[in-house]
Amino acid sequence: MSSSVDVILPCLDEARALPSLLAELPPSYRAIVVDNGSTDGSAEIARRLGATVVTAEQRGYGAAVHAGLLAATAPIVAFCDADGSFDMRQLDRVVDPIRSGEADLMMGRRIAVTAQAWPLHARVANAVLLWFVRLRMQVGLHDLGPMRAADRERLVGLGIRDRRSGYPLELVLRAQRAGWRIDEVPVDYRPRVGRSKVTGTVRGTAQAIGDMLRMLRRYA
């Protein structure tokens, strides 16, 4: 089935979140669930609910996102976590500026709906990292949230190489170097279903920040 927007959903053991998440997806969007080693039946659930399912053999956020990008065929691609922390009905907020040509890369700036939605250690780490990005790279963003949208062909052309947690920052830095118009819009950030593999633990957050600092040193 053709679609004007493909939504790439990297997935690792998100069986509990997928039914409600996919039910929120607007009918004009196609879900591409990228299974990244799930053992809880996530792929089967997603397929049964009508999503396109692809497999990323290499573990890592960037590997899953890249596999989804290669599987996408729509002119516009959007990205989002598959853990239920975002309201899929808000995807138009990041997609519409791409459709209208007002932006080349649109990011969803997370606004936590409860204190539990975004752990303090993850929020502080994100704020400090983005302070360095704004200072050294003149990119006026306040969040590197996982909800974003861009033109598919142009995104493939950026040649992003990171296959771990540095992918979001490499995307922004390569886009900035290429002269893209980058903007952000507020989106609700809810408590995820189940435990986070990254922001839910200090260790996971530290690894993600380490990957991103490596990207920042490379491009700065």
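The model shown is predicted, which means the values in this text are computed figures rather than measured ones.

A.B. asks: Can you help me understand the overall build of the protein in this one?
C.D. replies: Counting its regular elements, the protein contains 8 helices and 7 strands. Whereas a compact globule of 220 residues would reach a radius of gyration of roughly 17 Å, the protein reaches 16 Å, a difference of no more than 12%. Expressed along its principal axes, the backbone C-alpha trace of the protein runs to roughly 45 × 35 × 30 Å. Looking at the protein as a whole, 56% of its 220 residues qualify as buried. For the protein, the share of sequence-separated contacts (at least 6 apart) that also reach a separation of at least 24 residues comes to 75%. By element, 52% of the accessible surface of the protein is carried by carbon and sulfur atoms, the whole surface being about 9900 Å².

A.B. asks: Would you mind showing me how to read the sheet that holds strand β6 (residues 148–151) here?
C.D. replies: Sheets are built from strands paired through backbone hydrogen bonds, the pairs being either parallel or antiparallel. An order of β3-β2-β1-β4-β6-β5-β7 is seen for the 7 strands of this open sheet, with the pairing classed as mixed. Each end of this open sheet is capped by a strand with a single partner; those strands are β3 (52–55) and β7 (182–189). The sheet shows a mean angle of 25° between the axes of neighbouring strands, direction not considered. Bridging between strand β1 (residues 5–11) and strand β2 (residues 29–35) involves 7 bridges; their strand directions are parallel. Paired with V5 across the strands is Y29, a residue of β2. Strands β5 (105–112), β6 and β7 of the sheet are contacted by helix α7 (residues 167–177), whose axis makes an angle of about 140° with β5.

A.B. asks: Explanation requested: the side chain of R152 in the structure shown.
C.D. replies: Among the secondary structure elements, R152 is positioned in helix α6 (residues 152–157). The charged side chain of R152 is buried without a salt bridge, its nearest counter-charge being E153 at 4.2 Å. Among the polar contacts listed, one links the side chain of R152 to the backbone oxygen of T73, at a separation of 3.4 Å. Once residues within four sequence positions are removed from consideration, R152 is found in contact with L69, A72, T73, A74, P75, I76 and V77.

A.B. asks: Whenever I open this one, helix α4 (residues 92–99) confuses me. Can you help?
C.D. replies: Think of an α-helix as 3.6 residues a turn; residues three or four steps apart then line up on the same face. When we look at burial in α4, the residues that qualify are V94, V95, P97 and I98. What you see down the axis of α4 is that its buried residues fit within an arc of 160°, all on one side. Along its buried surface, α4 packs onto β1, β2, β4 (76–79), β5, β6 and β7. G101 sits one or two residues past α4 and shows a positive phi near 80°.

A.B. asks: Would you mind showing me how to read helix α3 (residues 61–71) here?
C.D. replies: Those residues of α3 not exposed but buried are G62, A63, A64, V65, A67, G68 and L69. Those residues of α3 hidden inside the fold are in contact with β1, β2, β3, β4, α6 and α7.

A.B. asks: When you look at the environment of V53 in this model, what are you seeing that I'm missing?
C.D. replies: Mapped onto the fold, V53 is located in strand β3. By relative accessible area, V53 is classed as buried at 19%. A C-alpha to C-alpha distance of 5.9 Å links V53 and V34, two positions 19 residues apart in sequence. Sequence-distant contacts of V53, defined by excluding residues within four places in its chain, comprise V33, A43, A46 and R47.

A.B. asks: Would you mind showing me how to read the pairing of β2 here?
C.D. replies: Across a regular strand the side chains alternate sides, sitting on one face of the sheet and then on the other. Counting buried positions over the 7 residues of β2 gives 7, a clear majority of the element. Taken together, β1, helix α1 (residues 18–24) and β2 constitute a β-α-β crossover, and its handedness is right-handed. Looking at chain direction, β2 and β3 are connected through 4 bridges and run parallel. Looking at the pairing, D35 lines up with T55 of β3. Where the polypeptide runs from β2 across helix α2 (residues 42–48) and back to β3, its parallel neighbour, the crossover connection is right-handed.

A.B. asks: Can you help me understand the pattern of salt bridges in this one?
C.D. replies: When the charged atoms of two side chains lie near each other, side chains of opposite charge can form a pair. The full count for this structure, using the stated rule, is 12 salt bridges. In this structure, D92 and R99 form a salt bridge, with 3.6 Å as the shortest nitrogen-oxygen distance. Overall, the relative accessible area of 38% leaves R99 in the partly exposed class. Residue R99 pairs with D96 through a salt bridge whose shortest N-O separation is 2.8 Å. Residue R99 and its partner D96 are located together in helix α4, separated by 3 residues, close to a single helical turn.

Basis of the calculations
Residues numbered from 1 in each chain as written. Predicted model: local features only at pLDDT ≥ 70, side-chain atom pairs only at ≥ 80, totals over all residues. Heavy atoms only, no water. Helix = DSSP H or I, 4+ residues; strand = E, 2+ residues; numbered from the N terminus. Rg over C-alpha atoms; globule rule 2.2 N^0.38 Å. Buried < 20%, exposed > 50% of the residue type's maximum accessible area, 1.4 Å probe, protein only. Contact = heavy atoms within 4.5 Å. Areas by Shrake-Rupley, 256 points an atom, 1.4 Å probe, with all protein chains shown as cover. Pairing = 2+ DSSP bridges. Axes fitted to C-alpha atoms, helices over the stretch in contact; angles between N-to-C directions. Lys, Arg positive; Asp, Glu negative; His and termini not counted. Salt bridge = Lys/Arg side-chain N within 4 Å of Asp/Glu carboxyl O. Polar contact = N/O pair within 3.5 Å; in protein donor to acceptor, adjacent residues only side chain to side chain. Arc of directions from axis to C-beta. Right-handed = clockwise from strand over helix to strand, strands pointing away.

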